[in-house]
Amino acid sequence: MQQTTELPERIHLLREAYWRKEYCDAAESKVIQSSGDESLVGRGLDFAAVLDASSPHIEPNQLIAGVAIARPAEGSNIELGHYDGHYPPGHANLLAWGWPEVRDRARRQLEAETDPDKRDFLEAVAISYDAAIRLAERYAAHLNELAGNTDEPERRRDLTRAAAACTEL
């Protein structure tokens, strides 16, 4: 016997748009300048520059925040190397503690650390997580604005819940 499961309308519409290749690549290309610092702190500043250049974007029917990270355009001098947004460095700690706690632990360790290499790493962590938190805050504001502008109660509820998730890091 074959079991069928009805998809919620929102999921059905997203799946259909994907199959028809009607989804949007919302990542903007922007000129983003490097800090010029080759250290880990410089990489953290460069990562922060990319996140700070990213505008919040949510596709209709979608609830995933943070998928439209700015792409360095021609004229940019920034190079971040390989980065997998699905599994950022330290993702296990990120899931266990949340973004603010990862940043705060790095700051606390930085206060007592004397090794220059470890200080460089800890400062880069704090810079990077500050930028991620700023991006999440911009997404929360954007989602709340979208929620306030929709007449659909279910969509309003979903957008409000997504906004709350962006602030409960």
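Up top is the structure these notes are about.
Described below are features of the structure shown in this document. (Residues numbered from 1 in each chain as written. Predicted model: local features only at pLDDT ≥ 70, side-chain atom pairs only at ≥ 80, totals over all residues. Heavy atoms only, no water.)

### Observations regarding helix H2 (residues 40-53)
Okay, step 1: With 14 residues, H2 should cover 20 Å at 1.5 Å per step; its first-to-last C-alpha distance of 20 Å lies within 8% of that length.
Okay, step 2: The inward-facing, buried residues of H2 abut strand S1 (29-30) and helix H5 (116-148).
Okay, step 3: For H2, the side-chain oxygen to backbone nitrogen distance between the N-cap and Val41 is 3.3 Å, and the N-cap itself is Ser39. (Helix = DSSP H or I, 4+ residues; strand = E, 2+ residues; numbered from the N terminus. Expected span 1.5 Å × (residues − 1). Contact = heavy atoms within 4.5 Å. Polar contact = N/O pair within 3.5 Å; in protein donor to acceptor, adjacent residues only side chain to side chain.)

### Focus on unusual backbone geometry
Okay, step 1: With a phi angle near 75 degrees, Asn61 is a residue other than glycine that sits in the positive phi range.
Okay, step 2: Secondary-structure assignment places Asn61 in the loop between H2 and strand S2 (71-72).
Okay, step 3: Its relative accessible area of 25% is what places Asn61 among the partly exposed residues. (Buried < 20%, exposed > 50% of the residue type's maximum accessible area, 1.4 Å probe, protein only.)

### Describing the packing of H2 against H5
Okay, step 1: One way to put it is that H2 packs onto H5 with a least axis distance of 7 Å and a crossing angle of 5 degrees. For the element pair H2 / H5, the angle class is roughly parallel. Counted together, Leu40, Val41, Gly44, Leu45, Phe47, Ala48, Leu51 and Asp52 of H2 and Asp120, Phe121, Glu123, Ala124, Ile127, Ser128, Ala131, Ala132, Arg134, Leu135 and Arg138 of H5 form the full contact between these two elements. (Axes fitted to C-alpha atoms, helices over the stretch in contact; angles between N-to-C directions. Parallel < 35°, antiparallel > 145°, perpendicular 65-115°, else oblique.)

### Quick word on H5
Okay, step 1: The end-to-end C-alpha distance of H5 is 48 Å, a good match for the 48 Å that 33 residues give at a rise of 1.5 Å each.
Okay, step 2: The backbone nitrogen of Asp117 has a side-chain oxygen 2.9 Å away, supplied by the residue at the start of H5, namely Asp115.

### Comments concerning the nonpolar core
Okay, step 1: Ranked by internal contacts, the top residues of the largest apolar core, which has 18 residues, are Leu51, Tyr139, Leu143 and Cys166.
Okay, step 2: Of all the secondary-structure elements, those providing two or more residues to this core are H2, H5 and helix H6 (153-167).
Okay, step 3: Considering each element in turn, this core owes the most residues, eight residues, to H5.
Okay, step 4: What Cys166 contacts, discounting residues up to four positions off in sequence, is Ala65, Ala136, Tyr139, Ala140 and Leu143. (Core = buried A, V, L, I, M, F, W, Y, C linked by side-chain atoms within 4.5 Å.)

### Looking at the pattern of salt bridges
Okay, step 1: For the coordinates displayed, the defined rule picks out ten salt bridges.
Okay, step 2: Between Arg105 and Glu101 there is a salt bridge, with the nearest N and O atoms lying 2.9 Å from each other. Separated by four residues within a single helix, Arg105 and Glu101 lie in helix H4 (residues 99-112), roughly one turn from each other.
Okay, step 3: Between Asp130 and Arg103 there is a salt bridge, with its nearest N and O atoms 3.0 Å apart. A residue pair is termed long-range when its members are at least 10 positions apart, and Asp130 in helix H5 and Arg103 in helix H4 qualify at 27 residues. For the pair Asp130 and Arg103, a shared accessibility class is recorded, and that class is buried. (Salt bridge = Lys/Arg side-chain N within 4 Å of Asp/Glu carboxyl O.)

### Quick notes on the side chain of Ser128
Okay, step 1: Within the fold, Ser128 resides in helix H5.
Okay, step 2: Those residues in contact with Ser128 that sit more than four places away from it in its chain are Gly44, Phe47 and Leu51.

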